[in-house]
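# Survey of secondary and tertiary structure
Residue-level listing of the chains:
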Amino acid sequence: MRLHRLEVSAFGPFAGTERVDFDSLSSAGLFLLCGPTGGGKTSVLDAVSFALFGQVPGERDKAKSLHSDHAPAGAGPRVVLEVTLRARRMRITRSPEWTRPKKRGSGVTKEPAKVLLEEHVDGHWRQHTNRIDEAADLLGDLIGMTAGQFCQVALLPQGRFETFLRAGSQERHSLLERLFGAHRFRAIEEWLVDRRTALGRTSAEHESAIGIVIARVTEASGQQPPSDDAGRVVPDQTLIAWSAQVRDTLVDALVSARSEQADADLALKRARAQRDEARALAELQARHTDALARAERLSALAEETHQLSEQIATARRAQAMHPVVELYGESVERAQSARQRVLSCLGADSPGLSAGLAADLRERVAELVVHDSPTQWCDDALVEAAAAARTETARLTALTPTQAELDDVTSRLALAVDDVRDQVARQQRAQASHATLTERRAQAQRDLTAQQSAAHDVEALRQQLRTAQTRRAAARLAEETERRRREILASVSQATEKALAARASWLDARQRRLDGMAGELAAGLSDDVPCPVCGACAHPAPAATTPAQVTADDEHHAEEQFRDLDQLRARLAQQLHRCETEVATAVAGAGGLDLTAATEAYEHTAAELERATQARAETEACTEQLRRLESELADAAALVAAVDTELATHRERREQLQARHDQLRRTLDLAIGTTTGLPERLTEAQTAERATTELAEAVTGWRGACAELASRGRRLDQALRSHGFADLTEVGSSMLSSTGISDLEALLAERAAEDRQVHELLDDPAVRAAAAAPAVDVAALEPRLAALEQRRDAAVATQSELARQADRLERLHSELDAALAAWQPVREAHRTAASLAALCTGTSADNPDRVRLSSYVLAARLSQVVDAANERLDRMTAGRYLLEHSAARGVGDRRGGLGLRVCDGWTGASRDPATLSGGETFIASLGLALGLADVVAYEAGGVELGTLFVDEGFGTLDADSLDEVMDVLDSLRSGGRVVGLVSHVAELRARITSQVQVAKTRTGSTLGQV
C-alpha cells in the first residue's frame, strides 16, 4: 500500500480544502508531519484512516463528529485519498454523516455518509461503486487488514504502545485478541463451558428422570429403594436388583389371586344353573295362567266378533257400487267445469266481446243450475256477434297491401338515408386522402432536397475519415507505448531499489572495513618495520582481526556490484525517457484523444460517411417516390369528383321515396284513423272473432255435459235399487276402503288364531304338569347368587389390580434399566467436558499458572512480537535492553501467559517495564510497536506497507538515543517504503527536510508542504 495524494475539506480542524502530495514527499523516503500541539497532525492520519475504512482510530471514532466547527455551516466534510493497493491505483472519496441547515425554512437536516470508489484505468478514472458496503468489501480485500490491524501496523499510534508495554495480562489479552483474531480460541473456551453446562444440564435431567422412575416404583410397590449411609439413593445397578425383587413379589401375589378367582367362578356357575331351572318352571306356570286369562277374554269378545263379520259384508256391497258412483261424480264435475268455462269466457276482462253482450249472457247463465242446459237465446246472440267480428276482420284485411307497401317504402327510405350518410363519409375520406397525399408529396419533395444536399458532403467526409483513422492509429500506438512505459517504469523502480540496496551494502562494507581497519593494518605489520600510521618499529599490542573482517576486495566487490546496478538503472532511465518521448509524440498525433475517444470519433465519421453515401444512392428512390405520389394524387382528385356525383344521385332517390311514404301514410290514416295502426286494429278484430268462436264452443260443451249427467243419473238409480241402498248417503256411510276391510278381516283372523293358540297351550302336557306342581320362589335364590357374584367381582378386581401393578412394575423396571444405561455415557461426557473446560479456562489444578487457551495461543504470538521487537530494540539501546515474554502471573493479574519483562544487559537483571525512564519507555514501546507491526502484517498475509506513520514520543529522547532511533527508522525505508514521523520536536525539523507543516489559527488549521 502506497499513498499518493490526500485532500481534506471541512474535516476536523481544517475549515477549507487542504492537500498533501505524498508522491513528492516519497523521494527522500522519510518525511516529517510537524506543527504545534492541537494543530491537527493526528487529524491527517485520521483522514487517511477514514478514507480507507470509514472510521478514525481509537476513542476519537466514538465522537462521531468529523465536520469542522471552523467551516461554514453549509460546507460538507469530505476526504479524497489516492492510494495504490496491490498494484491498483484507487481514488476514494468519503463524506461522513453531518448536519446542515435546511435549504428551505429554519432548522437542520442530517446528511447521510457517502462514498465513491474509483480506479485509474487506461488514463481515466473508472467508477467502481458508490455503496458503502460494497466499497468496504473491495477495499478490505485489497488492503488485507481490518481497521484495527491497520491502525496498529501503518499508523503507529500516539502513546498506545507505552500503555501496551505497561498493561496487565487482561488488557494485553484484549488488544492482541483483536489484532490476531484469537476470538476463535475464546469461542472454543466458551463452547467448552457451554458444552459442560449443557451436558451437566442433560446429566441432571437424566438423573432426575431416574429419580422419577424410582419414585414411581416406590409408589407402585410401597417399598423404599436402597440408600447409602447418608440416606441418599445411589443410582447404580443395586436399583435394578431391588426393582426386580419388588416385581417378583408382586407376581407371586398375582398367582394366588388368579386361583381365588377360579374358585369364585365355579361356585357362581352352579348357583346360576339352579336359578335358571327355577326360572323355567315359574315361566311355564305363568304361561298356563296367561292362557286361562286369554280364553276368558276371547269369550267376552264373541258378540263383537259377529258384528264385525256383518259390517264387512255391508262394506263389500257398498264397494260394488263404487264404479257407478264415481262415474256419476265425474259427470257432475264435468258439467260444473263446462258451466265455469262459459262463465270464464264471459268474464269482465274477456277480450273481443262487447261489454253489453257479455253481461247479458252472464246474467242468463247464472240463473241455470248444473242440470239445466243453455237456452237457444245464447246461440242467436253468439251468431250475431260472430258475423260482426268477421265483417270487421275482412275490411281491415283488405288494407294489408297498402300497409305492406308503406312498410317497404319506409325501409327503402331508411336505406336511402344510410346510403346518403355513407356517401358523405366516403366523400370525407376521399377528401382526407387527397389532403394526405398532398402533404406526402410535399414531404417527398423536402426529402429529395435533403438527400441531394447530403450527397454533396461525401468527399469532405471521406477526408475527415482519413484524418480520424490516422488519429486512432496514433492513439493505439500511444496506449501501447504507455503500457511499455509503465513496464519500464516498474523496472526502473526495481533497479533503483536494488541500486540503493547495493549502495547501502557498499557503504555498510566500507564502514565495517573502517571499523576493522586497525586489524587490517596490524596484519601487515612486521618487526623492525615502521608502522605506516605512527612510524614506530615496535608493535607491542597490534589489533587482532575478527572472523567478520571486511577486506578491501570485499569492499571493492560491493562497490562494483553497486556500479553495475547503477549503470543498469541509468540505461533503463534512458529507455524510459525515449519511451516517454514516443508517448508524447503519439499523443500529439492523436490530437490529445485517447484510444476510446479516437475510436468513437472514427466510428462517428464512418457512420456519417455511410449515411451520406446511402443518401446519394437513395436520391433516385426519392425521385421515383415523388412521381408515384403525384400519380396517386391525380387518382385521388378523380375519386373525389366521382363521389360527389354519386352523392347527388342518392339524395334525389331519397327525396322520391319520402314523397311516396307521405302519400301512403295519408291513405291509411283516412281508413283507420290516427289513434292506432292497422296491425293493432286487425289484431283486435281477429281477437273478437276468436273470442266469439271460443264462447260458442264452450256453450256446446256445456250442453253435452248436461246430457251425459242426466244419463248417468238414471244408471245410478237402478244400481241403488239392485244393491238395497236407499240413496248415496247410505252408500257413503257403509263404504269402507280396501285397507279398512283388510284390517277388520285381519282382526278377525288374529282372534281366531289366538283362540287356537290358547287351546293348544292348555292342551300342552308340560304346561299342565307345571300347573300341577307347587309354585316356586325365584326371588329367594337372588341373595345367595348376589353374594357369589360379589365374591367373584372382588376376586376379579384384586387379580386385575395385581396384574396392572405387575405390568406397571415390569415397564418401570425396563424404564429404570434404560434410564441408567442412557445416563452412563452422558455422565462420562460431562466429566470429560468439565475437565477440558477447567483446563482451557485456567481453573483446573493441572493449570497452575491459570493460563487460558486463548492466552496460551496469544502468548505464542507475543513471543514472535518480542523477537521482532528485540531486533530493533537491540540497535536502539546499543544492546542494553531486550524484552522477555513471561508466562507467570504478574502483580494483580488473575491470569498468566501474557507477561512482559525487560532484561537489562548491563546488570543481567530482569525487571518490570514500569521501571524504565520516559525515553527508555518510548524506545521500548517503539520497538514493540514495530515488532507488532511486522507480525500483524505477516498474519494478514504478508501485506506490503509502502507508507508508514509513527506518531509522537520523540521529545523524550536525548541526542544519542535519537540518533539510534532515527537509524532504525531510516532502515524502515528499505524496499522503497516511505516513513512519516509525526512530531513537533525542533531537532527533527532540522534533520528531516521533507515536511508537511500544520499551522493553526482561530479560523482553522492549514497544511503547508516543504
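Structure shown above.
With that settled, the discussion passes to the overall build of the protein. A count of helices and strands for the protein gives 27 helices and 17 strands. Scored against the burial criterion, the 1010 residues of the protein give a buried share of 36%. Here the analysis covers contacts within the protein between residues at least 6 apart in sequence; of these, 75% occur between residues at least 24 apart.

As a further point, take the nonpolar core. Leu-6, Phe-22, Leu-52, Val-79, Leu-81, Val-83 and Leu-85 are the most contacted members of the largest nonpolar core, which totals 42 residues. The greatest single-element share of this core, amounting to eight residues, is contributed by helix α2 (residues 41–53). Those residues in contact with Val-79 that lie beyond four places of it in its chain are Leu-6, Glu-7, Val-8, Phe-11, Ala-47, Phe-50, Ala-51, Ile-92, Thr-93 and Arg-94. With 35 residues, the next largest nonpolar core counts Leu-32, Leu-883, Val-902 and Leu-926 among its residues.

Here Ala-187 shows up in helix α7 (residues 183–221). The spacing of Ala-187 and Ser-854 is 667 residues in sequence and 8.9 Å in space, taken between C-alpha atoms.

What follows concerns the sheet that holds strand β12 (residues 899–904). The sheet built from three strands is open, its strands ordered β11-β12-β13 with antiparallel pairing. At either end of the open sheet lies a strand with only one pairing partner, and these are β11 (881–886) and β13 (910–911). Relative to β12, β11 runs antiparallel, the two being bridged by six bridges. Paired with Leu-883 across the bridge in β12 is Val-902. Packing against the sheet, helix α24 (residues 853–876) makes contact with β11 and β12, and its axis sits at approximately 175 degrees to β11.

Contact geometry of α7 with helix α23 (residues 782–841) gives a least axis separation of 7 Å together with a crossing angle of 160 degrees. By the criterion of interaxial angle, the relationship of α7 to α23 is roughly antiparallel. Here the hand of the crossing between α7 and α23 comes out left-handed. Looking at the contact of α7 with α23 residue by residue, the class counts come to 23 nonpolar, eight polar and nine charged.

Further remarks concern the packing of aromatic side chains. Going through the model one piece at a time under the given rule, you end up with three aromatic pairs. Between Trp-506 and Phe-562, the ring centres sit 5.6 Å apart and the planes meet at 15 degrees, which makes this aromatic pair stacked. Here the residue Trp-506 occupies a position in helix α14 (residues 458–515), and Phe-562 occupies one in helix α16 (residues 552–589), the gap between them amounting to 56 residues. Using a relative accessible area of 8% as the deciding quantity, one classes Trp-506 as buried. Phe-562 sits in the buried class, given a relative accessible area of 8%. Here the basic side chain of Arg-472 rests over the ring of Tyr-602, its NZ or CZ set 3.9 Å away from the ring centre.

Cut-offs used in this document
Residues numbered from 1 in each chain as written. Predicted model: local features only at pLDDT ≥ 70, side-chain atom pairs only at ≥ 80, totals over all residues. Heavy atoms only, no water. Helix = DSSP H or I, 4+ residues; strand = E, 2+ residues; numbered from the N terminus. Buried < 20%, exposed > 50% of the residue type's maximum accessible area, 1.4 Å probe, protein only. Contact = heavy atoms within 4.5 Å. Core = buried A, V, L, I, M, F, W, Y, C linked by side-chain atoms within 4.5 Å. Pairing = 2+ DSSP bridges. Axes fitted to C-alpha atoms, helices over the stretch in contact; angles between N-to-C directions. Parallel < 35°, antiparallel > 145°, perpendicular 65-115°, else oblique. Left-handed = near helix turned anticlockwise from the far one by under 90°. Nonpolar A, V, L, I, M, F, W, Y, C, P; charged D, E, K, R; others polar. Phe/Tyr/Trp six-rings, centres within 6.5 Å; stacked < 30°, edge-to-face > 60°. Lys NZ or Arg CZ within 6 Å of the ring centre and 35° of its normal.

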